[in-house]
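Architecture and fold: a report
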Amino acid sequence: MTEEIERLQFLLDTSADKKVITCDLAVIGAGMSGMAASLFAADRGVDTVQIGIASQIIFSSGLLDLLGVHPVETAQTWKDPWKAIDRLVSDQSDHPFARIEKKHIREAFAEVTAFLGDAGLTYRSDQESNRFVITSLGTLKPTYCAPATMWNGIDALQTTPPGLIVDIRGLRGFSARQITETLKPVWPGLRHATIAFPGMHKAQELYTEPMARSLAVAQNRQALAGLLRPLVEDARVLGVPAILGMQNSRDVQTDMEAMIGIPVFEIPTMPPSIPGLRIREAFETKLPEKGVRVLYQQRVSRIEKTEDGFLLEVGSDKPMATIKTKGVVLATGRFLGKGLNADRKVIREPLLGLPVYQPGARLDWHRFDFLDRRGHLINRSGLEIDGRFRPVDASGKPIYNNLYATGSILAHQDWMRQKCGSGLAIATAYAAVKAFLESALV
Amino acid sequence: MARDLALRGIDCILVERYDINAGASGANHGLLHSGARYVSKDASAAAECRKEGALLKKLASDCIEDTGGLFVAIEGDDERFVADFPRLCARSGIDARSLPVEDAREMEPLLSDKLIAAYRVPDASVDPFKLTLENVHQARALGGSLLRHSEVTGFEIDRHRIVRTRLKNLLTGETFFIQADQVLNAAGAWAKEIAALAGCSLNLLYSKGTLLVTHNRLTRQVINRLRPSSNADILVPGGTVSILGTTSIRIDNLDAIYPTVEETDFILEEGASMIPALEKTRFIRAYAGVRPLLGSSTEGDDRKVSRGFALIDHAESGLNNFATITGGKLTTYRLMAEKAADLISQRLGVSTPCQTRTEPLPSAAGAKWTKPGLAPRMWIKEHAPDDILLCECEMVPKSVVDNLISSIRQQNGTPDLKALGVRSRIGKGACQGTFCALRTGAYLYDKGEVKEEEGLDGIRAFISERWRGIRPLLWDTPLIQAELQEAIYCGMYGLEL
């Protein structure tokens, strides 16, 4: 109780020497959707503050999915994600994609990939079609847009020339032999080999990040290429774990290809993965350059509605700043991101206590079988929104005029099964920022 | 049984449909009863537990943690039952000592402040996985054999004898036969189905019990609710965790043995009246086992049916070399084997007496990895430089997996993830297999133990099996963990496609 009173006093206290930040838009959340929302806002000259723990974005595979599977029940994968969206929207009019024009989704993707490109992360897509990426399990995952460093693998899957997959002793959960075994039916001409990463023989468990960072040094690249070259033999393409450098991954790849003599591609690894880390670093360094004031590694602990906007209390343990803002984008994610939480009976939105769509009682939340193709109903829970991405109450009316919700916290989607995580994050962020700008003009 | 027979010099083949510990041997409370729980309704079962418990503490000490136990009553519990308890314990020879409630709460601070009575009893905690593996290990060392994944599909009967037992290898689908002088049915809850294959009928009821595993160990001792046996009134410590249970639900179908959301909530709410902290405790797993109960109870409460065991000589049904042992409980497992082996020996004309009553159970190298907390200690103490950890939650290194793979091979088994899982702590930590299944799966490919899609199927099967036990517990932190698992398995790898 005293803690509660202290917090209230802190919020009401405007005279003390604590930090008060004033802005137009506060973006809460530092996952893909929060990052994208901050980018879109900054690009449009909106005075933006972003708050959130950026660690979870490294659980991203680095692939930017748009829509790969619909309906999930039949596990139908789509060659053309745009046609898939048409079908999804006509089958399921409450899906967040139903509230965004496809034109805007394209613009949103273009803006994000251009930004990542400027930060050194070249992304590639076929624009009109999904492609399959080889994962470290040897499964094929449909995606829309992938790091250019993975593209040789995507192409080689169609021509299946003699190829080589190499793994690294001590890097757990990545077995080249597993990949060649699993891919045998579609790519019989794959061989596998194992190397010891240069300069890291002594370590037992190897982690991807030190390896990726070490490849920034030309000498280390030469040493690695020296180990790989003799293994090539008849192989015409070489797959390695995704460790080819950090922000300079394209240069590392090009350099390695020149030294080895055949095209090289990265295979996304178990999270936390380097491609996810690269995205995080790109946003973390480039958003502040665009004028976004960032409070990473902080959480918003409380939000109060004021007459003309919101007051946000920021601080992980104790309050360290108050943010005065006109609008809020809530991109706090689902359970892992702590945007939602659940006790034994109810799913809640903890920051504002917004109404959460409840998919039945706990009995109904999860299927009996983990891999049940229909997906778990709890993944459809979340915030329901109006056409302007504002959370609504039971009657469908927006709860606050300038409060927007984006990304995985939204109801009536299942990004994990539909393979639409990044697409959902990016497109809804775009739509929300657009709606905020339109309301600000009125 | 196999160990007892082997010690008497009897050549024995043990056949198991799935794997060791697949049934109730692996899905129980891990409680070595002092007998106090049965004093009011079954004095002889109570005395049996007391004797066997004391014996096993001596002979199988490395499978047992002699924690001691408490029986506690809280406000609202039947005071007459509480008052009778010491007398009933004395009747069965059980050492129950009254304890001031303040002392009980000092010993176990998580006990409710509504405590009205407490007694100390000689309960203990037992590692059932290790116990079974060590028994099998000695039986094999003495010349017995074990056939896993071998299902009995029928008996060939001629002139009042089982001439051949027909089996099916569930991995290869092939049929084979065993020609044995004597056939003993020790199939637990499945004893009725096996007996039926030989044309014998058994009166067996199936009672499902669900248990919850906590993330951390909550108490030092076994905590029992001092009331007539009911739901969720025992909390047993096991290594670094505690196990809360159970329910008792009559089932008709042995295929549906899994914990449900309703049972979980019920156990939690009941248990919390004894230990309020359970409401806020993180649980990592739920599981269910089936008790085979003898006799026909038409009443609702299966707890009133005897927990004693029965040895059935099927001579009455016209079969002279067939017997069934069933019912009972973990605490009396040795005694059950002794009685059954006595019958078999007598029929075979073997006069060597039972030795499990006096011979200590030897430790088996391959069995030790089931114990929570052991692998980390061993790994920190001594490990080769390249011995990397495949499971970080429970610290299971590559060398342990290698060790297990070769022991599974020796038992003619397939070292897939599930088989590794029942023999180690893999998949049993906080991540419930999310990371270690992928790492161990990759390692099995590296070793050439699995080919093509086999390894992926193994990962799917393993994670689905773990899922059954976490599904009823998905709120708060475990829900977050489950979301991460799905993000990786489905979102990133598309394993559901």
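Quick caveat, the model's predicted, so the values are computed rather than measured.

Thresholds applied
- Along every chain, residues carry numbers that run from 1 in the direction the sequence is written.
- Naming scheme: in the order in which they are written, chains are lettered from A and ligands are numbered from 1.
- The predicted origin of the model limits local features to residues at a pLDDT of at least 70 and limits the giving and counting of side-chain atom pairs to 80 or more, whereas totals for whole chains, interfaces and linings rest on all residues.
- Where helices and strands are cited, they refer to DSSP runs of H or I of at least four residues and of E of at least two residues respectively, numbered from the N terminus.
- Atoms counted for the radius of gyration: C-alpha only. Globule rule: 2.2 Å times the number of residues to the power 0.38.
- Three exposure classes are used, based on other C-beta atoms lying within 10 Å of a residue's own C-beta, which is placed from the backbone: buried for 20 or more, exposed for 12 or fewer, and partly exposed in between.
- Residues are scored as being in contact if the C-beta atoms we place from backbone atoms lie within 7 Å.
- Think of it as three bins: nonpolar holds Ala, Val, Leu, Ile, Met, Phe, Trp, Tyr, Cys and Pro, charged holds Asp, Glu, Lys and Arg, and polar takes everything else, Gly as well.
- Axis angles are defined between N-to-C directions and span 0 to 180 degrees, where every axis is a line fitted to C-alpha atoms and, for a helix, only to the segment in contact.
- Throughout this description, any angle smaller than 35 degrees is read as roughly parallel, any larger than 145 degrees as roughly antiparallel, any in the 65 to 115 degree range as roughly perpendicular, and the remainder as oblique.
- Left-handed describes a crossing whose near helix is turned anticlockwise from the far helix through less than a right angle; right-handed describes the clockwise counterpart.
- If DSSP finds at least two bridges between two strands, the strands pair.
- For a helix, the expected span equals 1.5 Å multiplied by the residue count minus one.
- The quantity called pLDDT is the predictor's confidence in a given residue, expressed from 0 to 100.
- Think of it this way: the bend at a residue is just the angle between two axes, each fitted to seven residues, one set ending at that residue and the other starting at it.

This next bit is on the overall build of chain A. When helices and strands are tallied, chain A shows 13 helices and 17 strands. Relative to a compact globule of 442 residues, whose C-alpha radius of gyration would be 22 Å, chain A shows 23 Å and is just as compact. Here the C-alpha coordinates of chain A stretch approximately 70 × 50 × 40 Å along the principal axes. Within the span of chain A, comprising 442 residues, buried residues form 52% of the whole. Of all intrachain contacts in chain A linking residues separated by at least 6 positions in sequence, the fraction that spans at least 24 positions is 68%.

With that out of the way, let us pick up the overall build of chain B. The number of helices and strands found in chain B is 14 helices and 22 strands. Counting only C-alpha atoms and orienting by the principal axes, one finds that chain B spans roughly 60 × 60 × 45 Å.

Let us look at the interface of chain B and chain A. The extent of an interface is frequently quoted as the accessible surface area lost upon association of the parts. Opposite the 40 residues of chain B that make contact, chain A presents 40 residues. The element contributing the most residues to the side of chain B that touches chain A is helix H14 (residues 476–492) of chain B, with 11 residues. Of the residues assigned to the side of chain B that touches chain A, the class counts are 23 nonpolar, four polar and 13 charged.

Right, let's get into the environment of B:Glu262. Residue and element names in this part refer to chain B. Within the secondary structure, glutamate 262 sits in helix H7 (residues 261–274). On the neighbour-count criterion, glutamate 262 (14 C-beta atoms within 10 Å) is partly exposed. Spatially, the C-alpha atoms of glutamate 262 and aspartate 386 are 46 Å apart, while their sequence positions differ by 124 residues.

On to the packing of helix H8 (residues 218–228) of chain A against helix H9 (residues 249–260) of chain A, then. Residues and elements named next belong to chain A. Where H8 meets H9, the axes come as close as 9 Å, and the angle between the chain directions of the two elements is 45°. What the angle tells us is that H8 and H9 run oblique. Between H8 and H9 lies a crossing of right-handed hand. Residues Arg221, Gln222, Ala225 and Leu228 of H8 touch H9, and the partners they reach there are Val252, Asp255, Met256, Met259 and Ile260.

A cis amide bond, omega -5°, links A:Pro271 with the succeeding residue A:Pro272. Here A:Pro272 shows up in the loop between strand E10 (264–267) and helix H10 (274–289). Residues B:Gly245 and B:Thr246 are joined by a peptide bond in cis, for which omega reads -5°. Here B:Thr246 shows up in the loop between strand E16 (241–245) and strand E17 (249–251). A positive phi angle, close to 65°, is found at A:Gln297, a residue other than glycine. The residue B:Ala232 is not glycine, and still its phi comes out positive at about 50°. Residue position: B:Ala232 is located in the loop between strand E14 (222–225) and strand E15 (234–238). Under the C-beta neighbour-count criterion, B:Ala232 is labelled buried, with 24 such atoms within 10 Å.

Backbone-to-backbone hydrogen bonds join strands into a sheet, with any given pair of strands oriented parallel or antiparallel. All names here are of chain B. In space, the three strands of this open sheet follow the order E12-E20-E19, with mixed pairing throughout. Because the sheet does not close on itself, it has two edges, and the strands there are strand E12 (183–185) and strand E19 (309–313). Strand after strand, the sheet turns through a mean of 15° between neighbouring axes, direction not considered. In the sheet, E19 pairs with strand E20 (residues 322–327) via five bridges, with the strands oriented antiparallel.

All names here are of chain B. Its location among the elements puts tyrosine 119 in strand E6 (residues 115–121). For tyrosine 119 and cysteine 89, which are 30 residues apart along the polypeptide, the C-alpha to C-alpha distance reads 11 Å. In this structure tyrosine 119 touches Leu70, Phe71, Phe85, Pro86, Ala96, Arg97, Ser98, Leu99 and Leu226, once residues within four positions along its chain are discounted.

Residue and element names in this part refer to chain B. The end-to-end C-alpha distance of helix H5 (residues 128–141), which contains 14 residues, comes to 20 Å, matching closely the 20 Å that a straight helix rising 1.5 Å per residue would cover. Of the residues making up H5, those classed as buried are Pro128, Phe129, Lys130, Leu131, Thr132, Leu133, Glu134, Asn135, Val136, His137, Gln138 and Ala139. Where the residues of H5 are buried, they touch helix H1 (2–7), strand E1 (13–15), strand E7 (124–126) and strand E8 (145–147). Positive backbone phi, at 110°, marks glycine 143, one or two positions downstream of H5.

Residue and element names in this part refer to chain A. Strand order in this open sheet of four strands is E8-E7-E9-E10, and the pairing throughout is parallel. The open sheet is flanked by strand E8 (190–195) and E10, the only strands paired with a single partner. Looking at each pair of strands side by side, their axes are set apart by 25° on average, direction ignored. The sheet contact formed by strand E7 (residues 163–168) and strand E9 (residues 237–241) spans three bridges and is parallel. Residue pairing across strands places leucine 164 opposite leucine 238, the latter belonging to E9. Helix H5 (residues 151–159) rests against E7, E9 and E10 of the sheet, and its axis sits at about 100° to E10. Lying over the sheet, helix H6 (residues 176–183) contacts E7 and E8, oriented at roughly 170° with respect to E8.

It is worth spelling out the packing of helix H12 (residues 436–446) of chain B against helix H13 (residues 454–470) of chain B at this point. All names here are of chain B. Remark: H12 packs on H13, axes separated minimally by 10 Å, with the N-to-C direction vectors making an angle of 150°. By the angle class used here, H12 and H13 are roughly antiparallel. Classified by chirality, the crossing of H13 by H12 is right-handed. Residues Ala437, Leu438, Gly441, Leu444 and Tyr445 of H12 form the contact with H13, whose own contacting residues are Gly455, Gly458, Ile459, Phe462 and Ile463. For the contact of H12 with H13, the residue count by class is seven nonpolar, three polar and no charged.

Looking now at the pairing of E14(B). Residue and element names in this part refer to chain B. Side chains Val222 and Asn224 of E14 all project onto a buried face; the interleaved residues Ile223 and Arg225 project onto the opposite face, where all are buried too. As paired elements, strand E4 (residues 69–74) and E14 share four bridges and run parallel to each other. Within E14, the residue paired with leucine 70 across the bridge is isoleucine 223.

Residue and element names in this part refer to chain A. Among the structural elements, alanine 331 can be located in the loop between strand E14 (321–330) and strand E15 (341–342). Given 32 C-beta atoms within 10 Å, alanine 331 falls into the buried group. Sequence spacing of alanine 331 and alanine 429 is 98 residues, and the spatial spacing of their C-alpha atoms is 8.3 Å.

Residue and element names in this part refer to chain B. Of all residues in chain B, 93% attain a pLDDT of 70 or more, and the chain-wide mean is 89. Confidence drops under pLDDT 50 across residues 297–301; counting only partners more than four residues distant or on other chains, this segment forms five contacts. The complex model carries a pTM of 0.86, and its ipTM stands at 0.93.

This next bit is on helix H3 (residues 79–91) of chain B. Residues spaced three or four apart along an α-helix point in a common direction, a consequence of the helix completing one turn every 3.6 residues. All names here are of chain B. The terminal C-alpha atoms of H3 lie 19 Å apart, and with 13 residues this matches the ideal 18 Å at 1.5 Å per residue to within 8%. Considering bend angle alone, the principal kink of H3 is centred on phenylalanine 85 and spans about 40°; proline proline 86 follows within four residues of it. Downstream of H3 by one or two residues, glycine 93 has phi in the positive range, about 75°.

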